[in-house]
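One letter stands for each residue in the lines below.
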Amino acid sequence: MAFQEIDVTKLKQNPFQLIGKDWALVTAGTPEKFNTMTVSWGNMGVMWNKNIVTAFIRPQRYTHEFLETKDSFTLSFYHENMRKALALCGKVSGREVDKVKETGLKPVFDGEHIYFEQAKLVFLCKKIYRDQIRPDGFLADYIGSSYPEKDYHDIYMGEIVKAYIQE
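Along each chain, residue indices are assigned from 1 in the same order as the chain's sequence is written. Side-chain atom pairs in this predicted model are given and counted only at pLDDT of 80 or more, local residue features only at pLDDT of at least 70, and totals for whole chains, interfaces and linings cover all residues. Side-chain numbers here rest on the full set of heavy atoms in the structure, without hydrogens or water.

Undergrad: Report on the environment of Cys-125, specifying residues and quantitative values.
TA: Relative to the assigned elements, Cys-125 resides in strand 9 (residues 121-132). Using a 1.4 Å probe on the protein chains alone, a residue whose accessible area is under 20% of its type maximum counts as buried, one over 50% counts as exposed, and one in between counts as partly exposed. What makes Cys-125 buried here is its relative accessible area of 0%. Taking the C-alpha atoms as reference, Cys-125 lies 5.2 Å from Glu-159; in sequence the two are 34 residues apart. Among all residues touching Cys-125, those that are not within four sequence positions of it are Val-53, Asp-71, Ser-72, Phe-73, His-113, Gly-158, Glu-159, Ile-160 and Val-161. In DSSP terms, a helix is any run of H or I states spanning at least four residues, a strand is any run of E spanning at least two, and both are numbered starting from the N terminus. Every residue pair with non-hydrogen atoms within 4.5 Å of one another is taken to be in contact.

Below, the structure is given as structure tokens:
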């Protein structure tokens, strides 16, 4: 299988399924030092006339350090046979575990973007906006169920500069 570039406006995948059910990996860094983690919260859409994805990352996560210091990140999606690897990437920290070695993920280095050979869909993103979820912004009580420890996510919006798909 080989990746083929695709116009994101031509995608047929359901974003609710991709993010909420299938999960994804958000990856940032350099070929020498990078980290990836599983995400199941996110958005896709149009903002400021750009096709964007939004990733929500808690500040204590190791991947957060890379998103803070790098101008790009990737969001990649996988087939069901990768569920075990995605689960591990969401449970353990890259500070203590070599996730690539443990999962068998095969990194692809594409300029400043890093993703994995096993992906079925990849968004190469340029970071265009960062903010924080603030408790005073909630209009309904999601704090208790989603933030019992008050560890609010940081928000990273990325313009999709390129997308790849492989079947």
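Undergrad: If you had to explain the packing of aromatic side chains to someone new, which residues and values would you point to?
TA: A pair of Phe, Tyr and Trp rings is counted when the ring centres sit within 6.5 Å of each other, with Trp represented by its six-membered ring. The angle between the planes then sorts it: under 30 degrees is stacked, over 60 is edge-to-face, the rest tilted. Per the stated rule, a full pass over the model turns up eleven aromatic pairs. Residues Trp-48 and Tyr-129 carry aromatic rings whose centres are separated by 5.6 Å and whose planes lie at 50° to one another, so their mutual orientation is tilted. Here Trp-48 is found in the loop between strand 4 (42-47) and strand 5 (50-57), whereas its partner Tyr-129 is found in strand 9, with 81 residues between them in sequence. Ring centres of Phe-77 and Phe-123 lie 5.7 Å apart, and the angle between their planes is 75°; on these two criteria the pair is classed as edge-to-face. With a gap of 46 residues between them, Phe-77 in strand 6 (residues 72-77) and Phe-123 in strand 9 connect regions that are remote in the sequence. Its relative accessible area of 0% is what places Phe-77 among the buried residues. A relative accessible area of 1% places Phe-123 in the buried class.

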